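Given next are the chains, with one letter for each unit.
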Amino acid sequence: MLDHRRRLGATTLYLINSGASALFFGTIFVVNLVYQVEVAHLNPLQIVLVGTALETVCFFCQIPTGVLADVYSRRLAVVLGTFLAGAAFVIEGSFPRFDVILLSQMLWGLGATLSDGALEAWLAGEVGEEHIGRIFIRGEQVGLIGWLFAAVVGVALGSMRLNLPMLVGGSFAMLLALFLALFMPERSFQRASTQERSSWRTLGATLRGGVRDVRSRPVLLVILCIALFYGLWSEGFDRLGTAHFLANFTFPSLGALKPIAWFGIFTVGSTLLSIVGTEFVKRRLDTSSGRLLIRAQFVLDALMIVCLVTFGLAGNFFLALAAYWGVTVFRTISRPLYTTWLTQNTDAKSRATVLSMSGQLDALGQIAGGPGVGYIGTVVSLRAALVTAGLMLSPVLPLFVYAARRSKQRAVVREEDAREDRL
């Protein structure tokens, strides 16, 4: 067993993992959907069904894996999840068939649910809730830098063979899991005793604690409802955005470069803009204020809806590109703010469980919305599918308004209580 003194600090490890994960998985994602369209020859409905299979696994596994992380080890969940996700893409890149891709995405879903929630809960436990907001944003920025390199690597490998990014990125993700196993600390987590870990009652009690946490906090319930709508819209954009570019636009010439280089440009452009945007938010936004987090997310999501509808309707390549960048940038900036807001409203003992509930509702949204959007993309048009996805996101805006009112009411009550105490 590696001596604890040789383990890295939690913040350092989190940032390394953010950058490495973005580099390895970004190398895959830059051309993954191009691979599915051009090599595996999936149609729009099949593309979305692949995503639905992934999200179905996420839906059923999110809470069980979150409970296991809270009871056994959040560190172990992250390590195993990273390894399985890497292995899934090695399998996908080896066999360009619909059924194999379907199964590999399901394996990726299992790996993603193991890491999802466990990583954030691990960090909060190691560094304290008061510090996580800025660390989440910094981790997002480090990840964006990883995406920059991933765009170059992914396009370079994809230009040789479209399956190479999956084989290389997946293999290095498996090596990242080994690195985490050796150097990831877990000092503050209190694992249940051997007797408790062997009891289903402990798992049930942890789950019930997470449910109680949600039921006792109306704002937390609103936060989780927002996760559902995030899932409803995202599957259509994530799965059909690339197909929209390939089917409805002629890519401008880049000289000697192949058209696939444009997908690297998409990634580089959105990444650079996201780095600037997240740095602006990190400097200007007080992430310890729930009311400010709500306002910021309202603005970002409203802009995202406008860009998503514009992306679907645009007839000009460069307008579509600007709208595409808008969606990805506003989404990237919003993501750590949502995670911070959710984490600050959860109890430490059931944090991974509640975070997994958010992931489960996101998966449920993708399961519910994905096939319908894919059907519209196949039967009507990809443009109609993307506009529909934008409309699916719009209900989050009144939810943010409601959460802001609740937050204001709580602030008034606290001020009155403080005034009475002074008297």
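Residues numbered from 1 in each chain as written. Predicted model: local features only at pLDDT ≥ 70, side-chain atom pairs only at ≥ 80, totals over all residues. Heavy atoms only, no water.

It is worth spelling out the packing of aromatic side chains at this point. Under the criterion given, the structure shown has 32 aromatic pairs. With 5.9 Å between their ring centres and 70° between their planes, F237 and F311 make a pair best called edge-to-face. Taken together, the residues F237 in helix α10 (residues 218-248) and F311 in helix α12 (residues 290-313) connect sequence positions 74 residues apart. Each member of the pair, F237 together with F311, is buried. On the basis of an interplanar angle of 50° and a centroid distance of 5.7 Å, the ring pair of F266 and Y324 is categorised as tilted. Of this pair, F266 sits in helix α11 (residues 261-284) while Y324 sits in helix α13 (residues 317-344), and the two are 58 residues apart along the sequence. (Phe/Tyr/Trp six-rings, centres within 6.5 Å; stacked < 30°, edge-to-face > 60°. Helix = DSSP H or I, 4+ residues; strand = E, 2+ residues; numbered from the N terminus. Buried < 20%, exposed > 50% of the residue type's maximum accessible area, 1.4 Å probe, protein only.)

Applying the stated criterion to the full structure yields 7 salt bridges. Between R97 and D99 there is a salt bridge, with its nearest N and O atoms 2.6 Å apart. For D99, a relative accessible area of 35% gives the class partly exposed. For E279, the salt bridge is made with R138, and the minimal N-O distance between the two is 3.8 Å. Taken together, the residues E279 in helix α11 and R138 in helix α6 (residues 129-160) connect sequence positions 141 residues apart. What makes E279 buried here is its relative accessible area of 18%. (Salt bridge = Lys/Arg side-chain N within 4 Å of Asp/Glu carboxyl O.)

Judged by side-chain polarity, F172, L175, L178 and L182 come together as a nonpolar surface patch covering roughly 380 Å² of accessible area. Structurally, the position occupied by L182 is in helix α7 (residues 164-183). (Patch = residues over 30% accessible without salt bridge, like charges linked within 9 Å, V, L, I, M, F, W, Y side chains within 5 Å. Areas by Shrake-Rupley, 256 points an atom, 1.4 Å probe, with all protein chains shown as cover.)

Within the secondary structure, I226 sits in helix α10. Looking at I226, the relative accessible area reads 0%, which means it is buried. Sequence separation between I226 and P395 is 169 residues, and the spatial gap between their C-alpha atoms is 8.3 Å. Apart from the residues within four sequence positions on either side, I226 is in contact with Y338, W341, V396, L399 and F400. (Contact = heavy atoms within 4.5 Å.)

This paragraph deals with the confidence of the model for the chain. The predicted coordinates of low-pLDDT regions are not to be read in fine detail. The pLDDT averaged across the chain works out to 83; a share of 86% of its residues lies at or above 70. Least confident of the elements in the chain is helix α8 (residues 194-197), whose mean pLDDT is 47; most confident is α7, at 95. (pLDDT = per-residue confidence, 0-100.)

Now for the environment of G370. Along the chain, G370 turns up in helix α14 (residues 351-379). Between the C-alpha atoms of G370 and A389, which are 19 residues apart in sequence, the distance is 9.0 Å. Those residues in contact with G370 that sit more than four places away from it in its chain are V48, E235 and G365.

In terms of nonpolar packing, the biggest core is built from 100 residues, with I226, F245, F266 and W341 touching the most fellow members. Not counting residues within four places of it along the chain, the set of residues in contact with F266 comprises F245, F251, F317, L321, Y324 and W325. Ranked by size, the runner-up nonpolar core spans 6 residues in total, among them V48, A243, V373 and L382. (Core = buried A, V, L, I, M, F, W, Y, C linked by side-chain atoms within 4.5 Å.)

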